[in-house]
Structures are given as C-alpha cells and as structure tokens.
Amino acid sequence: MTAPGRPHVVIVGGGFGGLHAARRLKNADVQVTLLSRGTSHVFQPLLYQCATGLLSEGSIASPLRHLLRRQQNAHVALGEATSIDPAAKILTASRVNGSTFDLKYDYLVVAAGMQQAYHGHDEYIDWAPGMKTLDDALTIRRKLVSAFEMAESLPTAEERKPWLTFAVAGGGPTGVELAGQIRELAVHALTHEFRSIDPREARVLLFHGGDRVLESFDKNLSKRALRTLEKVGVETHLGVHVTDVTPRDIETTMKAEPKTKTRFDTRTVVWTAGVEAVPFAKALATALGVPQDRSGRIAVEADLSVPGHPNVWVVGDMSSRDKLPGVAEVAMQGGRHAGKLIAAEVESGQAPRTPFKYRDLGNAAYVARGHALIQAGPLHLSGSLGWISWGVIHIAFLSGARNRAGTLLNWGATILTNSRRERAVTFGDSRIARNQYFKNADKEANQ
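In this convention, every chain numbers its residues from 1, walking through the sequence in written order. Thresholds applied to this predicted model are a pLDDT of at least 70 for local features of residues and 80 or more for the giving and counting of side-chain atom pairs; totals over whole chains, interfaces and linings are not thresholded and use all residues. Excluding hydrogens and water, the side-chain values take into account all heavy atoms of the structure.

Asks: Mind showing me how you'd approach the sheet that holds strand E8 (residues 100-104) here?
Replies: Backbone-to-backbone hydrogen bonds join strands into a sheet, with any given pair of strands oriented parallel or antiparallel. Strands are labelled as partners when DSSP assigns at least two bridges between them. Only DSSP runs of H or I covering at least 4 residues are called helices, and only runs of E covering at least 2 are called strands; the numbering of each starts at the N terminus. Pairing within the open sheet is antiparallel, and its three strands lie in the order E6-E7-E8. With one partner strand each, in any of the chains shown, strand E6 (80-85) and E8 form the two edges of the open sheet. On average, each strand axis in the sheet is inclined to that of its neighbour by 30 degrees, with strand direction left out of account. Here, two residues are considered to be in contact whenever any of their heavy atoms come within 4.5 Å of each other. Axis lines are fitted through C-alpha atoms, for helices just across the contact stretch, and the angle between N-to-C directions can take any value from 0 to 180 degrees. Most of the contacts of helix H8 (residues 279-288) go to E6, to which it runs at about 5 degrees, and overall it touches E6 and strand E7 (90-94).

Below you can see the structure in the form of structure tokens.
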C-alpha cells in the first residue's frame, strides 16, 4: 500500500476537500491513500435533484478509483476512520464487514465532512430523513413517490390530504431547493399521470426558525426567493422551530411569545435544519487534545493544521476558522491548500507555512424553474439570468465529463417534456424489499 522511503499522506474523506487534496499531490514525491466511507465522490449540491427524480444517483456520483485512475501515487481505501494514535502516527479504520485495519501516516488530512443534526432528537431520522448522502436522497425519493401512490389508492379527500402534504424543516439553500423541487415535481411531472388525485393540490410546507429564508444571501435576494416560493405554491412558515416529528404529523413552536404550538398532519417530512460533525471528529479531537465547537467542528491554525500537530490538517466543513461557510468551495480550496503545503514541505524539507486565504466565489441557490439566485461580491442575480448562471456553475463543478453531459441532457429533456424518469424506488436490501409492505402495515396497526 505504501512505497518504501516515500512520505505517506493519508486523506480521510472522498468529498470535495479530500479529492482536491489528493489531486494537488499528483506530482509530489509522496504516496497518497484516500480513505473513504463510500466508493464514490458525491456532488452534494445536487442531491435534492436526485431525491426528486430529476437526476439519477449516477449523475451526481463518480467512482473515486475512476477519478484517480491516472494518479499513480494515489491509492483508494474503502473504510471508515474510527480512531487515531498521534504518537505512533497510526489511523485505524473499519471495513464494511466490521473488521479493522491500520494506516501509518506521515501527514494526515481530515476532510470527513458533516452529517445532518437533529439537535438531540436523533429519533426523528426514522420519519424525517436528512439530505447529506445518496442514501438520504433515495430514501426521500421513495417517500415522495410512495406518498403520491398512497394518495391515489385512498377513497376520500380527507384520507388523501396528509399523504399530499409535504413538510421541509430548514429554510437554508437545501430546504428551499427541495421545497421548490417537490412543487415542481407535483405541478409539472406528475400532473397527467394519476386518475384519482390531482398532484397539483399537493401542499409543501417550509418551516424555518429565522425571519427570512436563505439568510446567507442579501436581504433583497432573500425576499425575491420568498416571493418565488409563494408564487409556485410553497407555504413558508418563518420564526418557528420544529419541536416534534411522528409518523403521522409534525409539530412546530413559535419562537416568539406565547410560543404557540401547531401540528400539521403529514406523512412526509424532510429534515435540513442544521449539521454536525461526523463521529470521527470527536475521536480525533480527543486524541489530539483539541476542543470542538457546538457543532463538533475543530478549530485550526491559519494554515488549516491542528494546533500542536503540524502534520495534521482539518479542511472543509469539519474545520472551524474565521467563520468560513460550510460550502463546497471552502472544502475544495482548503484541500488544495493542505496538499500544496505538504508537497512544498516534502520537496524542500522546511517550507514556510503560508496561511489559507479563502477566495469567496459567492453563493448560489435554485428556487424554482426559471428562478435561481447568484451572489458573488457586488454581483447579485435572480430570475432567469440567475437560473442560467446557476446551471453553468453546477455543470462546471460536476466531476467527470460523462456526468456533465448526462446532467445537461437530463435537464434539457425535463424542461422540454415536463417528465422525470428517475423515480424508481428501492427498499434498502432484498429482505426488506420482500417484506416492506407487511412491515409498514404492522407499524400503522400498532400506532
């Protein structure tokens, strides 16, 4: 796995930060091992389109081995980092079958990312999947498609109503994009496919604790996004927290006094309200003797290395420095910076540690068909011009020419035909697929 005499760089995470760190080391005299929990690099900004049937999972996921196939000094290892011994410079990871293996490193780059946060209510995940992984996207797709199918099979409007009510918790970019896409799915793709229901009657409820959606954007852009959401039929509830989720409904509580509680009957809830560090972050912080913030992020030095451990870098969402946002571009630039420092140090022996300088390329959010927001410094775009710019940016950042071409073709076909063919549902594994309906029936009967 490692070449004798060459420094070994272990990179944890196959997301934006990890992949760009590995690529930056392509010409360095090192051996690189990229440890990833999954086999593919997933383009998370488009997960919601996979969840709503616009794109297939293959369109937004590229095998890491394929992406690094021409990088002779790179090796991909499938596993999940579990612990670290900084004195011995050994990282321990678990395989898919539960066994473990060790990776000895000279340099370590951690780009393990974040996971959905349920703020002390992890039980919500059973009824309100998040939007961080391909599994999340496919679970949401199954819930969305199944909800319309269930409504079609029920005899009365009263019975159909909760199945045609969709709740999204969180008014950030992911929540806004997902809410808009659910309405777009109902209004455009499904309109003429059912006989007993009118999918256009589907209610989409968006709950957010702030006083405006998309708070990371300029206030005027945020207002435009809200107007667009209302125009396409998304019901936005601001200044509320989701305080309970069950298989049958969702409860919200007003932030302001008298903190009124309201329950909404719904069978489909999606959770996008906050993130937290993955479990390995705690193991890493404990082993290195460094603190974590409230979300589990690890504070880093100006060069993104961990205080007291100059051979360990934390990049991307899991690092905390200068209030940098948890967006893909921060991870990509951070990964490249860590790779550059390692390459320079290996080449010269004692290269100066230049601080990381983030180049803010702006924010982008898809609101609805023909409407997207772009904010890059003084440049503020919305409406159709923002929508076109949004598409160009996302195509440019997708990994792999095949995925770029396929995604562009899929978008074009969807606009021209108002159809979404990526609506196949899966049940997880063969045993669940055999028994899924019976298990669901048992759950309903016991509630």
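Now that the structure is up, let's keep going.
Asks: What is the right way to look at the pairing of E6 in this model?
Replies: Residues in a regular strand project their side chains so that they alternate between the two faces of the sheet. Pairing geometry for E6 and E7, over five bridges, is antiparallel. Opposite Ser83, over in E7, you have Thr92 as the bridge partner. Two successive antiparallel strands, E6 and E7, enclose a turn made up of four residues, where Lys89 displays a positive phi of approximately 55 degrees.

Asks: Looking at this structure, how should I read the packing of helix H1 (residues 16-24) against helix H9 (residues 328-348)?
Replies: Geometry of a packed helix pair, given as the angle between the helix axes and the separation of the axes. In contact at an axis separation of 7 Å, H1 and H9 are set at 30 degrees when each is read in the N-to-C sense. The angle between H1 and H9 places the two elements in the roughly parallel class. Taken as a pair, H1 and H9 cross one another with a handedness that is right-handed. On the side of H1, the interface is formed by Phe16, Gly17, His20, Ala21 and Arg24, while H9 contributes Ala328, Ala331, Met332, Gly335, Arg336, Gly339, Lys340 and Ala343. All residues other than Ala, Val, Leu, Ile, Met, Phe, Trp, Tyr, Cys, Pro, Asp, Glu, Lys and Arg, Gly among them, are scored as polar; the first ten of these are nonpolar and the last four charged. Residues that form the contact of H1 with H9 fall into these classes: six nonpolar, four polar and three charged. Any angle that is under 35 degrees is reported as roughly parallel, and any over 145 degrees as roughly antiparallel; angles of 65 to 115 degrees are reported as roughly perpendicular and all others as oblique. By convention, the crossing between two helices is left-handed when the near helix turns anticlockwise from the far helix through less than a right angle, and right-handed when the turn is clockwise.

Asks: Hey, could you run me through the layout of surface pockets in this one?
Replies: If a probe as big as a water molecule is rolled over the atoms, it shows which places are left empty. Buriedness of a pocket was judged along seven lines, with at least five required to meet protein on both sides within 12 Å; pockets are open sets of points on a 1 Å grid over the protein atoms alone, cavities are sets where a 1.4 Å probe fits but cannot get out, and lining residues have an atom within 4 Å of a point. Grid points are joined across faces, edges and corners, and a volume is the space filled by probe spheres set on the points. Here the second largest pocket is characterised by a volume of approximately 400 Å³. If you trace the second largest pocket, you find 28 residues lining it, with Ser62, Ser399, Gly400, Ala401 and Asn403 closest to the centre. Where the lining of the second largest pocket is concerned, the elements lending two or more residues are H1, strand E4 (61-63), helix H3 (64-67), helix H10 (383-397) and helix H11 (401-417). Among the elements that take part in the lining of the second largest pocket, H11 stands out by supplying seven residues, more than any other. Residue classes in the lining of the second largest pocket are distributed as ten nonpolar, 13 polar and five charged.

Asks: It is not clear to me how the packing of aromatic side chains should be interpreted in this structure. Could you clarify?
Replies: The geometry of an aromatic ring pair is captured by the separation of the ring centres together with the interplanar angle, meaning the angle of the planes. Here is the rule: rings of Phe, Tyr and Trp (six-membered ring for Trp) pair when centre to centre is within 6.5 Å. Planes less than 30 degrees apart are stacked, more than 60 are edge-to-face, and the remainder are tilted. Per the counting criterion, the structure on display carries ten aromatic pairs. Ring centres 6.2 Å apart and planes at 40 degrees place the aromatic pair Tyr107 and Trp313 in the tilted group. Pair noted here: Tyr107 is in strand E9 (residues 107-110) and Trp313 is in strand E21 (residues 309-314), with a separation of 206 residues, a long-range link. You'll find Tyr107 and Trp313 in the same group, each marked buried. Taken together, the aromatic side chains of Tyr48, Tyr366, Trp390 and Trp411 make up a single cluster linked through ring pairs. Think of it in three bands: with a 1.4 Å probe and only protein chains considered, a residue is buried below 20% of the maximum accessible area for its type, exposed above 50%, and partly exposed in between.

Asks: Explain the pairing of E7 here, please?
Replies: Here E7 lies mainly inside the structure; four of its five residues are buried. Relative to E8, E7 is paired through five bridges, and the arrangement is antiparallel. When the sheet's bridge partners are listed, Ala93 is paired in E8 with Phe101. Following E7, the chain reverses through five residues before pairing antiparallel with E8; Gly98 in that reversal takes a positive phi of roughly 100 degrees.

Asks: So what exactly am I meant to see when it comes to the side chain of His394 here?
Replies: Within the secondary structure, His394 is located in helix H10. When residues no more than four places from it in sequence are discounted, the contact partners of His394 are Phe43, Pro45, Leu46, Ala364 and Trp411.

Asks: Explanation requested: the sheet that holds strand E25 (residues 379-381) in the structure shown.
Replies: An order of E23-E24-E25 is seen for the three strands of this open sheet, with the pairing classed as antiparallel. Pairing within the sheet leaves two strands with one partner each, and these edge strands are strand E23 (363-368) and E25. Taking each pair of neighbouring strands and ignoring which way they run, the sheet shows an average axis angle of 10 degrees. Where E23 and strand E24 (residues 371-376) come together, five bridges link them in antiparallel fashion. By the bridge assignment for E24, Ala368 is matched with His371.

Asks: What should I look at first to understand the packing of H10 against H11 in this one?
Replies: Orientation of H10 relative to H11, taken along the N-to-C sense of each, is 150 degrees, at an axis distance of 9 Å. Here H11 runs roughly antiparallel to H10, going by the angle between their axes. When the axes of H10 and H11 are compared, the crossing they make is right-handed. Contacts from Trp387, Trp390, Gly391, His394, Ile395 and Ala396 in H10 reach Arg404, Thr407, Leu408, Trp411 and Ile415 in H11. The residue inventory of the contact of H10 with H11, partitioned by class, reads seven nonpolar, three polar and one charged.

Asks: Whenever I open this one, the pattern of salt bridges confuses me. Can you help?
Replies: It is possible for side chains of opposite charge to pair when their charged atoms get near one another. Salt bridges are defined as contacts in which a side-chain nitrogen from Lys or Arg sits within 4 Å of a carboxyl oxygen from Asp or Glu. According to the stated counting rule, one finds 16 salt bridges in the structure shown. A salt bridge links Arg6 to Asp29; its shortest N-O distance comes to 3.2 Å. Pair noted here: Arg6 is in the segment before strand E1 (8-12) and Asp29 is in the loop between H1 and strand E2 (31-36), with a separation of 23 residues, a long-range link. With a shortest N-O distance of 3.2 Å, Arg353 and Glu345 are connected by a salt bridge. The class for Arg353 is partly exposed, based on a relative accessible area of 29%. Taken together, the salt bridges that share partners define one network made up of Asp244, Asp249, Glu251, Lys261 and Arg263.

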